[in-house]
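# Chains, contacts and geometry: an overview
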Amino acid sequence: MRIPLSWLREYVRVDAGAQEIAGALSISTAEVNGVHRVGVPGDLGLFRVGHVLEAEKHPDADRLQLTSVDVGEDRPYSIVCGAWNFGAGAKVAVALPGATLPNGLTLERRKLRGQVSEGMILAEDELDLGTDHSGIIVLDDALEAGTPLADALPLADDVLDLEPTGNRADLFAVYGVAREVAALFGGELQPMPGRDPQRDGDEPVVIGIEDPAGCLRFVGRVIRDVGLGGSPLWLKARLRHAGVRSISNVVDVTNYVMLALGSPLHAYDLDLLHGGLVARRAREGEKVRTLDGVERTLSAEDLVIADEERAVGLAGIMGGEETEVSSSTTNVLLEAANFEPVGILRSSERHALRTEGSNRWEKGVDPHVAGQAATYATQLIVELAGARWTGAEDVQTDLPKPAVIRLRPERASELMGLEVTAEEQGEILAPIGFRQLKTGYRVPTWRARDVTREVDLIEEVARFKLPEIPFTLPRREAMFGRLTREQRLRREVEDVLVGAGYAEVYTPTFVAEGDLRLPEPLSAEAAALRDVLYTSLLEPARRNADAGEDAVALFEVARVYREVGGDLPEEHWHVAGIADGGFAEVKWAVEQIYSALGIEPAYERTSEPFLHPGKAARTAEGWLGDLHPALLDGVWGVFELDLDALAEAAPQVVAFAEVSPYPEVRQDLAFTVDDEVPASEILAAIREAAGKLLRELEVFDEYRNPETIGEGKRSLAFRLAFGSPEGTLTDEDVAPVRASIVDAVATRFGALLRA
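Residues numbered from 1 in each chain as written. Predicted model: local features only at pLDDT ≥ 70, side-chain atom pairs only at ≥ 80, totals over all residues. Heavy atoms only, no water.

Taken across its five residues, strand S6 (residues 77-81) has four buried, putting it largely inside the fold. Here five bridges tie strand S5 (residues 65-70) to S6, and the two strands are oriented antiparallel to one another. Among the inter-strand pairings, Thr-67 is bridged to a residue of S6, identified as Ile-79. The turn joining S5 and S6, which pair antiparallel and follow one another in sequence, is formed by six residues; a positive phi near 90° is taken by Gly-72. (Buried < 20%, exposed > 50% of the residue type's maximum accessible area, 1.4 Å probe, protein only. Helix = DSSP H or I, 4+ residues; strand = E, 2+ residues; numbered from the N terminus. Pairing = 2+ DSSP bridges.)

Have a look at this one:
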């Protein structure tokens, strides 16, 4: 949710700055990804309202105008411009030399085709107010030359990048965030925006609800003589900075009100409807072509908005193409409804169609705000499109009544670990809508879905007191039980990876795609249980790399789930890691895990679609390799191990072996073998042939050269260390063991000793 701070300040009056607001929200309300500056980055004083005194064709360029512009100084400025939608007498937006545009360009006084140009006359895209570059911005004639352009246009703004959780549907509205900010800073919350304009008629509006379980409320309004066109710059800028594309004044109003109040709306071309509208279930096999141009076949589970002849929209998700508002529209039927969330979510997933509207419906929108959304949208359409409001209807089912929850102040203080008086608890709850009654606190309608118990009320108090709650550990009066062997192993693996330079991450168990689909998904992004762990690390790795972090290395220890045919899936603990640098990086980390657990790993080649061909290995407990470059830019190593399997393979008791005081004899052996012979099998053969004298063994080199060792062959070099607790070994003592090793490798694999 991107929230321009100027928009937020229209609804709440506080003196706090952007960073202060972001910090308070991140502690008490929702994660804040950052505060972004949009629009003009530099000195706003170099942007002025200009009065065009003269405008004529450039003497040396047919497509350019040479203008003389009054910018409020003692002389006019000469500016060359490529637009022709203005002339002498126009008021325009001017950037003077030294001004920096949103794209980073700093203007200079320079010659264009032989004529001096002192600045730029601006189009809306050059100020990041929209995408139009067909002509320059023509301002209100009432503005005086030299007026700071920031007084007329929203040149710059701070945007909060908020990431609300799914249970806080109220935070998917600018007004909902304003309510939080008012409570956090003791600011003055303005009334919810929107007032009905004068009604020009009493035209009947035929709307209805056939499925009260799917549609709780349906508000319809008829608006006639609509002058469809572009939106004013303030509206375009607000939508753009909030991440929404401007389309037309009517459609922009529906999007603007949705962002402001959190209740989605839809506008139909009234003249293209056949009769009134009704919210009903689709007929099996019924079709509708949605606004994205796709013809969709519906099922009886889909909720639709339909006229007397056919479905004209997928309710809560996307309207139909046949009745969309277009340049020829003059009369509009405005819909402001309220839909049941789970059904919208299922339809959205079934049709693989996710929109800003469905994103809000699936979280549960307050049905009581639909009427205010219709009011605000009507007001704006009448003001911006010169329209007339001629009819209204509001059809409701039994809307849910606000719950009343008892709160014990002493219980709240006990759970928080901080003494908070009953009076102060009431003062905290009141600004966020919880009204105190004799029997408890009445839950506001916009929090009805997530505040249902006393502990939820206590959490509301606690999140506003977090900065004051002391960092203390509960007093231990007794200790019961101990860590299981599997728990100790998981902690040891975590310690090993942290020691290897990896950072632990925590990612959601629910993913967008998977075989284990949830019967009632939380959202489209959390629709299934994950059956592998490594995919959850790709996005954190990408984010860290994009942020400029070097040597990114991340791991996670978590459960994965497998379908076994019963009512519940089978759970397994896995560890997965990803590291910048490729196979060698993760192989070293995997070796540290195996070494710490006292397990000797056996590697063999493998082939996986998500690993780079030829750079993948498998052990008995998992796999490792180079991540396929199609999944993530750069060279990344990745691994995933089954911790339950590691626990079975790890020795129950690690026996202490006394360190020999005598020096070891070290020797290197190199064998030429066929390419397909795994190094792990040769290692096993060497260990078996060497017996008790072998102390260390590793592969330290691999060599290929068809001219010297033959086609389809490779040379593997092994480093061996021999030792005895009884005395110092000599080369003569080791010679029989060496011969036994050479003989075993040659016999089993047809290997030739090179050195």
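As judged from the three bridges shared by strand S1 (residues 2-4) and strand S11 (residues 156-163), these two strands associate in the antiparallel manner. When the sheet's bridge partners are listed, Arg-2 is paired in S11 with Asp-161. Pairing between strand S3 (residues 31-39) and S11: eight bridges, direction antiparallel. Bridging from a neighbouring strand, His-36 pairs with Val-159 of S11.

Looking now at unusual backbone geometry. You will see that Asp-225, though not glycine, has its phi angle at about 55°, which is positive. By secondary structure assignment, the location of Asp-225 is in the loop between strand S14 (215-224) and helix H4 (233-241). The class for Asp-225 is partly exposed, based on a relative accessible area of 41%.

What follows deals with the nonpolar core. Core analysis: the largest hydrophobic core is formed by 88 residues, its most contacted members being Leu-8, Tyr-11, Ile-21, Val-257, Leu-277, Ile-305 and Phe-339. Looking at this core, the element that brings in the most residues is helix H5 (residues 249-261), giving nine residues. Dropping the residues within four chain positions of it, Leu-277 is found in contact with Val-206, Ile-207, Gly-208, Phe-218, Tyr-268, Ile-305, Ala-306, Asp-307, Val-312 and Leu-333. Residues Leu-597, Ala-617, Leu-624 and Ala-650 belong to the second largest nonpolar core, which totals 27 residues. (Core = buried A, V, L, I, M, F, W, Y, C linked by side-chain atoms within 4.5 Å. Contact = heavy atoms within 4.5 Å.)

As a further point, take the sheet that holds strand S23 (residues 388-396). A sheet is described by the order of its strands in space; here four strands give the open sequence S15-S22-S14-S23, paired in antiparallel fashion. Because the sheet does not close on itself, it has two edges, and the strands there are strand S15 (266-269) and S23. Between one strand axis and the next, the sheet turns by 20° as a mean value, whatever way the strands run. For S14 and S23, the ladder comprises eight bridges, and the chain directions are antiparallel. Counterpart to Arg-224 in the pairing with S23 is Arg-388. Packed on one face of the sheet, helix H8 (residues 370-385) meets S14, strand S22 (332-339) and S23 and runs near 15° to S14. (Axes fitted to C-alpha atoms, helices over the stretch in contact; angles between N-to-C directions.)

Before going further, it helps to examine the pattern of salt bridges. Tallied over the entire structure, the rule returns 58 salt bridges. With a closest N to O distance of 2.9 Å, Arg-168 and Glu-180 form a salt bridge. Of this pair, Arg-168 sits in the loop between S11 and helix H3 (174-185) while Glu-180 is found in helix H3, placing the two residues 12 residues apart along the sequence. Residue Glu-180 is classed as buried on the basis of its relative accessible area, which comes to 2%. Its salt-bridge partner being Arg-221, residue Asp-196 comes within 2.7 Å of it at the nearest N-O pair. Of this pair, Asp-196 sits in the loop between strand S12 (188-189) and strand S13 (207-209) while Arg-221 sits in strand S14, and the two are 25 residues apart along the sequence. Classification of Arg-221 as buried rests on a relative accessible area of 8%. Connected via shared salt-bridge partners are Arg-168, Asp-170, Glu-180, Arg-447, Asp-450, Glu-460 and Arg-463. (Salt bridge = Lys/Arg side-chain N within 4 Å of Asp/Glu carboxyl O.)

What follows is about the side chain of Ser-536. With respect to the element layout, Ser-536 can be found in the loop between strand S30 (528-529) and helix H13 (538-546). Once you skip the residues sitting within four places of it in the chain, Ser-536 turns out to touch Thr-507, Pro-508, Arg-530 and Glu-556.

A grouping of Glu-549, Asp-550, Asp-580 and Glu-585 is seen on the molecular surface, where their side chains present a negatively charged patch. Here Asp-550 shows up in the loop between H13 and strand S31 (553-562). The exposure class of Asp-550 is exposed, given its relative accessible area of 67%. (Patch = residues over 30% accessible without salt bridge, like charges linked within 9 Å, V, L, I, M, F, W, Y side chains within 5 Å. Areas by Shrake-Rupley, 256 points an atom, 1.4 Å probe, with all protein chains shown as cover. Lys, Arg positive; Asp, Glu negative; His and termini not counted. Charge placed at Lys NZ, Arg CZ, Asp CG, Glu CD.)

This brings us to the environment of Pro-41. You can see Pro-41 is positioned in the loop between S3 and strand S4 (47-57). Through-space distance from the C-alpha of Pro-41 to that of Asn-103 is 9.1 Å; in sequence the pair is 62 residues apart. Those residues in contact with Pro-41 that sit more than four places away from it in its chain are Thr-100, Leu-101 and Pro-102.

Turning to helix H14 (residues 583-597), a few remarks are in order. Between its terminal C-alpha atoms H14 stretches 21 Å, which fits the 21 Å expected from 15 residues at 1.5 Å a residue. Looking at the buried positions of H14, the neighbouring elements they touch are helix H12 (485-499), strand S32 (570-580), strand S34 (611-619), strand S35 (622-627), strand S36 (636-642) and helix H15 (643-649). (Expected span 1.5 Å × (residues − 1).)

To continue, consider the packing of aromatic side chains. Following the criterion strictly, the structure yields 10 aromatic pairs and no others. Summarising the aromatic geometry, the rings of Trp-7 and Tyr-256 are spaced 4.4 Å apart at their centres and angled 0° between planes, so their arrangement reads as stacked. Here Trp-7 is found in helix H1 (residues 5-11), whereas its partner Tyr-256 is found in helix H5, with 249 residues between them in sequence. On the numbers, 6.4 Å between centres and 65° between planes, the contact of Tyr-502 with Phe-639 is edge-to-face. Placement of the pair is Tyr-502 in the loop between H12 and strand S27 (503-504) and Phe-639 in strand S36, with a sequence separation of 137 residues. Residue class for Tyr-502 comes out buried when judged on its relative accessible area of 7%. Given a relative accessible area of 0%, Phe-639 falls into the buried group. An aromatic cluster is present here, built from Trp-7, Trp-234, Tyr-256 and Tyr-376 joined pairwise through their rings. Between Arg-179 and the ring centre of Trp-446, over which it is positioned, the NZ or CZ distance is 3.8 Å. It is Arg-490 that lies over the ring of Trp-573; its NZ or CZ is 3.9 Å from the centre. (Phe/Tyr/Trp six-rings, centres within 6.5 Å; stacked < 30°, edge-to-face > 60°. Lys NZ or Arg CZ within 6 Å of the ring centre and 35° of its normal.)

Next up on the list: H3. Taking 1.5 Å per residue as the helical rise, H3 with its 12 residues ought to reach 16 Å, and the 16 Å between its terminal C-alpha atoms agrees with that figure. Counted residue by residue, H3 has 10 buried out of 12 residues, so it is predominantly covered. When H3 is considered as a whole, its buried residues turn out to be Val-174, Tyr-175, Gly-176, Val-177, Ala-178, Arg-179, Glu-180, Val-181, Ala-182 and Ala-183. Positive backbone phi, at 65°, marks Gly-186, one or two positions downstream of H3.

Treat this as a map of the structure, not an account of what it does.
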